[in-house]
Structure formats: C-alpha cells, structure tokens
Amino acid sequence: MTRDLQIGYTSPSFLIPQKVKFRYRLDGHDRDWQDAGTRREAFYTELGPGKYRFRVIACNSSGVWNEQGATLDFVIAPAYWQTKWFRAMCVVAFLALVYGAYRFRVRQLRRQEKKLRDVVETIPTFAWTALPDGAVDFVNHHWVEYTGLSREKTMGSGWEAAVHPADLPRYVERRGASVASGEPFEHEVRFRRAADAEYRWFLSRVVPLRDSGGKIVKWYGISTDIEDRKRAENERERLRQLEADLAHVNRVSTLGEMAASLEHEIKQPIAAAITSANSCIEWLAHEPPNLDRARAAASKIDKYGNRAAEIIDRIRSFYKKSPPQRELVDVNGIIQEILTLLDGEATRSSVAVRTELAADLPEIMADRVQLQQVFMNLMLNAIEAMTDAGGEFTVKSELQDGQLQFSVSDTGVGLPTEKMDQIFSAFFTTKPQGSGMGLALSRSIGESHGGRLWATSNDGRGATFHFTLPIQATESSPLVA
Ligand code: ADP
C-alpha cells in the first residue's frame, strides 16, 4: 500500500533539455498546475486511497506549452483500516464491547443483589419493608417460615394475623403514630410461631428512609426474637419479688423474736402514763386543788403517751411492705433507733451495749427501712451469740476513705469455724429457730447500696461484722423491698 509517491517524467525533445520546463497536476489532489521548472520528478506524500490522474505538460525553449502533455492514471488502494468493511467491523466490535460490558455489569449487579437477598432472606430475624403509608410490601423468608403466612397474605396489614391479640391494639397504635410522625420506633410484641402455635416475644425496630427532600420513601423494619431474654427478665423479676417477700417475712419474724422486749418497751411508758394520770386526779381532788402539780403530772402523761406512740411508729416501719425508696438518711440515727428497740432484749440477755459513733457523719441517699433491717439483723445476731453467757457488744461508725464504715462487735460464741464462708448464704443457720436469711438479705441490701458486708473473728472472743456504705448514691437499684 503506497502513501508516498514519486513520479518521473521527461520530454521527448532532447535538444536543449535545460530549457524545457514542466508543469504537472494530479487530478483528485492538486487544484492548479504546479510549476516544476526543469525538475523531472513530482513527489506526493500521504495520498489517500482513490483514483488519480497525473498530468504533465512541457514547454520548449521558446516558451510554447505543449497542451497535450502526457497522463498517467493510477489507483491507490485503501489501507485495510480505511476500508468500509473494516470500519463496519470496528463499529460492530465496539458495540459488542459495550454490550459485553453492559452484560457483565448486569451480571455483577445480579450477583450482588442475590448475595444481599440471601443475607436478607436467611438472617435469623424478620426483615421487612413498608410503603410510606405503613403498608408492608416485602417480608423475608424467615417471617414466612416462622409465621406460616405466605408473602401475599402478609402484604398490607395481613401480618397483623400473626400478632398476639393482646399486643395487637397497642402495637398497631404505636406503629400508626410512628408512620404519622415519621419517627423511628421500637416496640416489644409477640408473634405466633406456626410450628407449635406458640407466641414468642420479639423486639421490632422500624426506621424510615427519606429522599433528599426529606420525604419518606420507605420504612425498613426488623423484628428480633427476645423470648429468652424476656424469660430471664421475668425470672429475675420473680426472684426479686420472692426476695422482697422473704425480706418482709424475715422482718416480721425478727419482730416476732422481739415481741417480748417490745411488750416491755411499750408497757413501760403506758404504765408511767397511768401513774401520772392517777396522781393528776389526786392533785385535782386535793382541797384546794394543787394545780401546779396536776399540770406537771398532765405534761408527764403527754410525754409518756408520745413515747409509746413513737415506739409503735418505729415498729410499724418494720411491718410495712413498702417499695424500696431512697431518701437522705442519718445512719447514726438509725443505729440509735434500733438500739432503743433492742434495749429490753439486751438487758434480758445480760448484754451491755457500747457505742462509738462518729459525730458529723454525712447523711447519705439510702433506703431507711432496709438499713434498719441490716442493723437490726447484726445487733440481734450479736445479742443471740451472747444469750447464754452474757457479754458486751460495741457498735462503731466512722468516716473513712470517703465511705461510711460500721462495725458490730460482740464477745459471744464466735463464728462457726468450719462454715465461715457459709454464714452469708441464704438458709444457712446454726440456730434451732433461725431462718438463715438475715445475713444473706443484709449483704444484698449492702450491695444494692454500693456497699459491702463481711465478718471477721475477734482475737479474743466473739465476732465482728463490718459494713460499708458509699457516701455517693449508686445507680444500682435495690434488690430487696
Ligand atoms: P439466723 O440468725 O436466722 O441464723 P443469719 O443469716 O442472720 O440467720 O445468720 C446465719 C448464721 O451466721 C447464724 O446461724 C450463725 O451461725 C452465724 N452468725 C451470725 N451472726 C453471728 C455472730 N454475731 N456470732 C456468731 N455467729 C453468727
């Protein structure tokens, strides 16, 4: 294939060759005649394919042009890339390439879609989508398998058939409110399992997908099986209730143990009030009535009456089955109250009571009734450990390392040596009438307040129980009511 061309020519007149001039022209390429002078060659480069006619004329020495000249016809064949079929092939190949790329992309997207679909279909959770008005338009395979409702039956609001009738109104209401407000929502609801007709708890979560203008285009939801967690929660709640009931029973039985001493506690101010009332009557019956003394006797009646009422109030706080509540309490005050209640019991068991309470202990956020119970348990235990031989118990309080520290120390029988670690276990007791609940409950009360309760054996005789409470209230909720 030629692109560069050289054409040689000459004149038949050889007389004076130097005087012969030429002009040539390539039709199809040159517009005008080219003056070649005496040159006998014409050069062409980059000739495109096609038919050409080369014409050359000469003039003699006198300047007369021979108009006839000579011609040369030739054809330059196109290069293969210049042929039509080649160009057509290129277009075809390009289209094929585009189509191939398109098919490849489609396949790739299909594969990706399948992968995503497989994930959505097989995740062990219900996945679904709904239209902006809340009507369900897609559910995954797990839903169909679990509920036994076909996709068609589930669409729109068909899914409601699988919801527990007791949960349905509230769930529909919450879902409707969420669709109306455009807010995501979360709700616990029971769905019926087709296999055994059992309802299990699910946590449903729904979020909206919005377009760039903020308009909701779709709702996406998942519902996860939380039955096991729910069961554990119920079990915990049941245990908590049981513990609370036991705590109450324990409190009441503790009170039963104290009945004798309390009888004495209450009878004493009442007897004193009666005596004062009698003397008041006598002073009034006097001739003339001694009003000053009668007034003094009457104010004593008032004092003793109030004292009896106070004791009854305190006892009542032990009976009351009130929910746990935190308030600012003065723990030294609580210790004093319990000591007052146990005074008679201690005297009867020949137990002397000593207190070393730090002044200015800060008040802390705590449950008053629960702390009363802890100190009541510790002090009653101390007295009981000394019932046979008598002795002395000391209650201490101090502020140390940012927490309140208490100890109840006795000179009694001492902790059961081989079972030291068991005394805080529920139902562990070495007493014939014991419940074994006192220390277990006291420890859980301490922990629920962020504190600790433990025991040590004294060097000489008896045992010491240590109890700490943080000054800052903790977040943990009380375990015991
Ligand atoms: P209970 O008093 O009904 O037996 P507790 O849980 O209060 O139940 O106590 C469990 C056990 O711990 C008691 O039976 C006793 O053996 C032991 N214990 C508790 N306090 C003392 C103490 N101060 N001295 C010796 N042993 C004690």
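To be clear, the structure that these remarks concern was listed above.
A quick note: this is a predicted structure, and the numbers were derived from the prediction, not measured.

**Some remarks on unusual backbone geometry**
Between Glu 287 and the following residue, Pro 288, the backbone shows a cis peptide bond with an omega angle of -5°. Turning to its location among the elements, Pro 288 is positioned in the loop between helix H5 (227-285) and helix H6 (291-319). One non-glycine residue with positive phi stands out, namely Glu 46, at about 55°. For Glu 46, the location among the structural elements is in the loop between strand E4 (41-44) and strand E5 (50-59). Its identity is not glycine, yet Ser 350 carries a phi of approximately 55°, on the positive side. With respect to the secondary-structure elements, Ser 350 resides in the loop between helix H7 (331-348) and strand E13 (351-357). The exposure class assigned to Ser 350 is exposed, which follows from its relative accessible area of 52%.

**Topic: a nonpolar patch on the surface**
On the surface, Tyr 80, Trp 81, Trp 85 and Met 89 cluster together into a nonpolar patch covering about 510 Å² of accessible area. Note that Tyr 80 resides in the loop between strand E6 (65-76) and helix H1 (84-122).

**Concerning the sheet that holds strand E8 (residues 136-139)**
Strand order in the open sheet formed by 5 strands is E8-E7-E11-E10-E9, and the pairing between neighbours is antiparallel. Only two strands of the sheet have a single neighbouring strand rather than two, namely E8 and strand E9 (185-193). In this sheet, adjacent strand axes meet at a mean angle of 30° when their direction is disregarded. Summarising the sheet, strand E10 (residues 198-210) and strand E11 (residues 216-225) pair through 9 bridges and their orientation is antiparallel. From the neighbouring strand, Phe 202 faces E11, where its bridge partner is Asp 225.

**Observations regarding the pattern of salt bridges**
Evaluated as defined, the whole model comprises 28 salt bridges. Between Asp 137 and Lys 218 there is a salt bridge, with its nearest N and O atoms 2.6 Å apart. Pair noted here: Asp 137 is in strand E8 and Lys 218 is in strand E11, with a separation of 81 residues, a long-range link. The partly exposed category is assigned to Lys 218, whose relative accessible area is 22%. When salt bridges that share partners are traced, they join Arg 193, Asp 196, Glu 198, Glu 227 and Arg 231 into one network.

**With respect to the nonpolar core**
By size, the foremost hydrophobic cluster in this structure holds 42 residues, and its most contacted members are Val 331, Phe 375, Met 379, Phe 393, Phe 406 and Phe 465. Where this core is concerned, the elements lending two or more residues are H7, strand E14 (364-366), helix H8 (368-385), strand E15 (391-400), strand E16 (403-410), helix H9 (438-448), strand E17 (452-457) and strand E18 (463-470). The element that contributes the greatest number of residues to this core is H8, accounting for 9 residues. Here Met 379 is in contact with Ile 335, Ile 338, Leu 339, Leu 342, Phe 393, Val 395 and Val 408, once residues within four sequence places are set aside.

Conventions we followed
Residues numbered from 1 in each chain as written. Predicted model: local features only at pLDDT ≥ 70, side-chain atom pairs only at ≥ 80, totals over all residues. Heavy atoms only, no water. Helix = DSSP H or I, 4+ residues; strand = E, 2+ residues; numbered from the N terminus. Buried < 20%, exposed > 50% of the residue type's maximum accessible area, 1.4 Å probe, protein only. Patch = residues over 30% accessible without salt bridge, like charges linked within 9 Å, V, L, I, M, F, W, Y side chains within 5 Å. Areas by Shrake-Rupley, 256 points an atom, 1.4 Å probe, with all protein chains shown as cover. Salt bridge = Lys/Arg side-chain N within 4 Å of Asp/Glu carboxyl O. Pairing = 2+ DSSP bridges. Axes fitted to C-alpha atoms, helices over the stretch in contact; angles between N-to-C directions. Core = buried A, V, L, I, M, F, W, Y, C linked by side-chain atoms within 4.5 Å. Contact = heavy atoms within 4.5 Å.

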